[in-house]
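Letter by letter, the chains look like this.
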Amino acid sequence: MPNKATIARARRDKKEGKSASTQAGEFVRQEIDTIREGKHGARNTKQAIAIGLSEARRAGVGLKQPKKGSVSEQTRENAKRDTEKSKKHTPVNKSRSQARVKALKKESTAVASPRALSQQARSAAAKRSASDRSASAKKAARTRAGR
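### Structural notes on the nonpolar core
Grouped together as the largest cluster of nonpolar side chains are 7 residues: Val28, Ile32, Ile35, Ala42, Ala48, Val111 and Ala112. Counting residues per element, this core draws most heavily on helix α2 (residues 20-37), at 3 residues. Ignoring sequence-local partners within four residues, the contact set of valine 111 consists of Ile35, Ala42, Arg43, Asn44, Thr45, Ala116 and Leu117. Of all hydrophobic cores here, the second largest spans 6 residues; its members include Ala10, Ala24, Ala56 and Leu63.

Structural data, given as structure tokens:
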């Protein structure tokens, strides 16, 4: 469950006209902080990011579904379900929520270390083409704050 400050930061990003992925980044950041605090862990860095993105979708951030073939069909369905859940409020099942946290408490907190995050970013970037990375860097320079 994202805290109010995270939701407020995401809303501020939306008001400033920032992209959905930037808004979702607030939820991913909160998840990483939660793991670093030792409240629970994750199997790997990808899972920690996925939890943050799922929370963002449920909070109403307009993230698109992953493209077909880029992730498993189950992941795409989960993303679709999270987006639908944001449109109508249904109470969280208490026992299911507790079971989720209990399972995550058994996992490692090392997945949120700076080294692990750096490794994840590097491997994700390596899967992108040079022109993709170049275009992304150019856009970052163009849209950098304070310009």
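Read on for the rest.
### Focus on the pattern of salt bridges
One pass over the structure, following the stated rule, counts 9 salt bridges. In this structure, the salt-bridge partner of lysine 18 is glutamate 16, at a minimum N-O distance of 3.2 Å. Residue glutamate 16 is classed as partly exposed on the basis of its relative accessible area, which comes to 47%. In this structure, the salt-bridge partner of lysine 39 is glutamate 37, at a minimum N-O distance of 3.3 Å. According to the relative accessible area criterion, lysine 39 is partly exposed, its value standing at 49%. According to the relative accessible area criterion, glutamate 37 is exposed, its value standing at 55%.

### Points about the side chain of histidine 40
Counting through the fold element by element, histidine 40 comes out in the loop between α2 and α3 (45-58). Each residue touching histidine 40, except ones within four places of it in the same chain, is listed here: Glu31, Thr34, Ile35, Leu104, Lys105 and Thr109.

### With respect to the packing of α3 against helix α4 (residues 73-87)
For the pair α3 and α4, interaxial distance at closest approach is 7 Å and the crossing angle is 35 degrees. Side by side, α3 and α4 meet where Ser54, Arg57 and Arg58 of the first sit next to Ala79, Asp82, Thr83, Lys85 and Ser86 of the second. For the contact of α3 with α4, the class distribution of residues is 1 nonpolar, 3 polar and 4 charged.

### What to know about the environment of valine 28
Take valine 28: it is sitting in helix α2. Of the residues examined, valine 28 reaches a relative accessible area of 15% and is grouped as buried. Measuring from C-alpha to C-alpha, the distance between valine 28 and alanine 56 comes to 8.1 Å, with 28 residues separating the pair along the chain. Sequence-distant contacts of valine 28, defined by excluding residues within four places in its chain, comprise Ile49, Gly52 and Leu53.

### Comments concerning the confidence of the model for the protein
Chain-level statistics for the protein give a pLDDT mean of 92 and a share of 98% at 70 or above. Per-element mean pLDDT across the protein ranges from 91 in helix α7 (residues 130-142) up to 96 in α2.

### Regarding the packing of helix α1 (residues 4-15) against α2
In contact at an axis separation of 8 Å, α1 and α2 are set at 160 degrees when each is read in the N-to-C sense. As judged from the angle between their axes, α1 and α2 are roughly antiparallel. For the pair α1 and α2, the crossing hand works out as right-handed. Listed contacts from α2 to Thr6, Ile7, Arg9, Ala10, Asp13 and Lys14 of α1 are Thr22, Gln23, Glu26, Phe27 and Gln30.

About the criteria used
Counting from 1, residues in each chain are numbered in the order their sequence is written. Under the rules for a predicted model, residues below a pLDDT of 70 receive no local features and side-chain atom pairs below 80 are neither given nor counted, while totals for whole chains, interfaces and linings still include all residues. Based on all heavy atoms of the structure, the side-chain values leave hydrogens and waters out of the count. What is meant by a nonpolar core is a set of buried Ala, Val, Leu, Ile, Met, Phe, Trp, Tyr and Cys residues, joined one to another through side-chain atoms within 4.5 Å. A 1.4 Å probe rolled over the protein chains alone gives each residue an accessible area, and that area as a share of the maximum for its type sets the label: buried under 20%, exposed over 50%, partly exposed in between. Think of it this way: any DSSP run of H or I at least four residues long counts as a helix, any run of E at least two long counts as a strand, and we number them from the N terminus. Here, two residues are considered to be in contact whenever any of their heavy atoms come within 4.5 Å of each other. The working definition used for a salt bridge is a side-chain nitrogen of Lys or Arg within 4 Å of a carboxyl oxygen of Asp or Glu. Between N-to-C directions, angles cover 0 to 180 degrees, with each direction set by a line fitted to C-alpha atoms, over the stretch in contact for helices. We call Asp, Glu, Lys and Arg charged. Ala, Val, Leu, Ile, Met, Phe, Trp, Tyr, Cys and Pro are nonpolar, and the rest, Gly among them, are polar. Predictor confidence is given residue by residue as pLDDT, running from a minimum of 0 to a maximum of 100. We call two directions roughly parallel when the angle between them is under 35 degrees, roughly antiparallel when it is over 145, roughly perpendicular when it lies between 65 and 115, and oblique otherwise. By the definition used in this description, the sense in which the near helix is turned from the far one sets the handedness, with an anticlockwise turn below a right angle giving left-handed and a clockwise turn giving right-handed.

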